[in-house]
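# Structure assessment
Here is what each chain is made of, one letter per residue.
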Amino acid sequence: MGTEILRVNPTEPEPEIIARAAEVIKAGGLVAFPTETVYGLGANALDERAVARIFAAKERPADDPIIVHIASLESLYQVVADVPPVALKLAETFWPGPLTLVLPKTPSVPDLVTAGLPTVGVRMPAHPVALALIKASECPIAAPSANLFGRPSPTHPSHVMEDLGGRIEVLLDAGPTLIGVESTVLDITGPTPTILRPGGLSREELEKVLGKVELKAGPVDGPKPSPGLMEKHYAPKATLYLVMGENGAVRDFLRERGLEALALGIKRGFLIAEEDRASLGDLPVAVQILGSLKDPATVARRLFASMRVLDAIGVEEIYARDFGQEGIALAVHNRLLRASGGKIIFLEGG
Ligand code: TXA
Ligand code: MG
């Protein structure tokens, strides 16, 4: 199958292009589209056969639930059986935006979408193209990130083509995404709201509205909250180490590992901060500068693309510095932790 790439204006999507993509969705086909977080791989959420094609295209295991995307509050009642007041408050405050709410599902949502769970993850994306596509398709759209299983989420249309070119009917190309990490997944079915996946909306922002919010993000640092969260999300061929500690110690360590790589002829890649530049800048090793320690939003935006660059170079080992856990840095920390599979290097003096 050839994938049709349709260029679309990110802020004022052309109605005829959206209509064309919506036809594909209505016919049970697959459309990759931009959201404010990452590109999604969309299908009609109420059409079980269309959803089955998502799993096949991504080579995704069936135990990983898919987020349902909506463009209006009325659609929330179509997919959620019981909408508590707290859900409406969160929707009012943060939608459209990078927040996925986990709530009890209605029977109209196929079990395949929720991986057999009685709950559904639902969100309203803050992207004009995504909203226009959902409206024109006249159905909620189920969409995981538009990458092959085990690869970094796509923040650029070229990433989608790299992974899914030839496996989907249409790619709506609206350029790079703004946030760069996926939505925050919040379970509000229990007594205390619980973050199952930190993401584009920070825990601090949620706590302003909700008070105390729990964090229960798998797989390496907590109990198993849901099957899909055990997924080793980004599994680079290279071994990835997450380096934590005081800045001076981190820089000395990175330099030492850089020099060692050159001496021993090991292909090593480094994911570092702008402020670490001097410690590796003069060495001919693969360095990706994610952004300043003071600017975690930029770090988040560049994270997945930088991982793809190191994968393409074919490094054997990756050393990634930690960027802290405040605000959106918590999502960066979580993605690096998952990619490392728990291989953390704690430096003294940190
Ligand atoms: O920003 C995003 O969330 C992107 C864009 C495309 O919207 N989507 C995304 O989807 O990241 P995906 O499939 O890569 O990640 C969805 C994750 C699942 O792996 C699972 O952790 C959680 O959301 N999830 C979905 N439905 C759930 C449910 N009913 N209960 C618990 N977790 C759920
Ligand atoms: Mg994903």
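All of the points below concern the structure found in this document. Just so it is clear, the model here is predicted, and its values are computed rather than measured.

Glancing now at the overall build of the protein. When helices and strands are tallied, the protein shows 12 helices and 16 strands. Here the C-alpha atoms of the protein give a radius of gyration of 20 Å, agreeing with the 20 Å that 2.2 N^0.38 yields for 350 residues. Counted over contacts in the protein with a minimum sequence separation of 6, partners at least 24 positions apart contribute 68%. In the structure as shown, the protein presents an accessible area of about 13,900 Å², 53% of it carried by carbon and sulfur atoms. The protein carries 35 positive and 43 negative side-chain charges, and their two centres are separated by 2 Å.

The subject of this paragraph is empty space enclosed by the protein. Taken as a whole and judged by the stated rule, the model has 1 cavity of 30 Å³ or more. Size it by volume and the largest cavity reaches roughly 40 Å³. Contributing to the lining of the largest cavity are Thr 184, Ile 195, Pro 198, Gly 199, Leu 201, Ser 202, Arg 203, Gly 327, Ile 328, Leu 330 and Ala 331. Here the residues of the lining of the largest cavity sort into 6 nonpolar, 4 polar and 1 charged. Looking at which domains feed residues into the lining of the largest cavity, each of domain 1 (4–215) and domain 2 (239–346) gives three or more.

On the secondary structure map, Pro 128 appears in helix α6 (residues 128–137). In this structure Pro 128 comes out as partly exposed when scored by relative accessible area, which is 35%. Remark: the alpha-carbon pair of Pro 128 and Glu 162, spanning 34 residues in sequence, is separated by 24 Å. Every residue in contact with Pro 128, bar those within four places of it in the chain, is listed here: Pro 10, Thr 11 and Pro 13.

Here the focus is the side chain of Asp 187. Mapped onto the fold, Asp 187 is located in strand β9 (residues 184–187). We note that Asp 187 is buried and unpaired, the nearest opposite charge coming from Lys 216 at a distance of 7.2 Å. A polar contact is formed between the side chain of Asp 187 and the side chain of Thr 189, at a distance of 2.6 Å. Setting aside its immediate chain neighbours within four residues, Asp 187 contacts Val 102, Thr 192, Pro 193, Thr 194 and Leu 196.

Below, the discussion takes up the layout of surface pockets. Empty space left among the atoms is revealed by rolling a probe the size of a water molecule over them. Size it by volume and the second largest pocket reaches roughly 150 Å³. Taken together, Gly 245, Asn 247, Leu 293, Pro 296, Arg 321, Asp 322, Phe 323, Gly 324, Gln 325, Glu 326 and Ala 329 make up the lining of the second largest pocket. Tallied by class, the residues present in the lining of the second largest pocket amount to 4 nonpolar, 4 polar and 3 charged.

Turning our eyes to something else, we now look at the nonpolar core. Formed by 66 residues in total, the largest nonpolar core has its most connected members in Trp 95, Leu 99, Leu 101, Leu 133, Leu 172, Leu 186 and Leu 206. In terms of residue count, helix α1 (residues 15–26) provides more of this core than any other element does, 6 residues in total. Every residue in contact with Leu 172, bar those within four places of it in the chain, is listed here: Leu 6, Val 8, Ile 17, Ile 18, Ala 21, Val 31, Ala 32, Phe 33, Pro 34, Tyr 39, Val 129 and Leu 133. Counting residues in hydrophobic clusters, the runner-up holds 28 residues, among them Leu 271, Leu 303, Leu 310 and Ile 328.

Rules behind the numbers
- Residues numbered from 1 in each chain as written.
- Chains lettered and ligands numbered in written order.
- Predicted model: local features only at pLDDT ≥ 70, side-chain atom pairs only at ≥ 80, totals over all residues.
- Heavy atoms only, no water.
- Helix = DSSP H or I, 4+ residues; strand = E, 2+ residues; numbered from the N terminus.
- Rg over C-alpha atoms; globule rule 2.2 N^0.38 Å.
- Contact = heavy atoms within 4.5 Å.
- Areas by Shrake-Rupley, 256 points an atom, 1.4 Å probe, with all protein chains shown as cover.
- Lys, Arg positive; Asp, Glu negative; His and termini not counted.
- Charge placed at Lys NZ, Arg CZ, Asp CG, Glu CD.
- 1 Å grid on protein atoms, 1.4 Å probe; cavity = no way out; pocket = protein on both sides within 12 Å on 5 of 7 lines; lining within 4 Å.
- Points joined across faces, edges and corners; volume = space filled by probe spheres on them.
- Nonpolar A, V, L, I, M, F, W, Y, C, P; charged D, E, K, R; others polar.
- Domains from an automatic or database assignment.
- Buried < 20%, exposed > 50% of the residue type's maximum accessible area, 1.4 Å probe, protein only.
- Salt bridge = Lys/Arg side-chain N within 4 Å of Asp/Glu carboxyl O.
- Polar contact = N/O pair within 3.5 Å; in protein donor to acceptor, adjacent residues only side chain to side chain.
- Core = buried A, V, L, I, M, F, W, Y, C linked by side-chain atoms within 4.5 Å.

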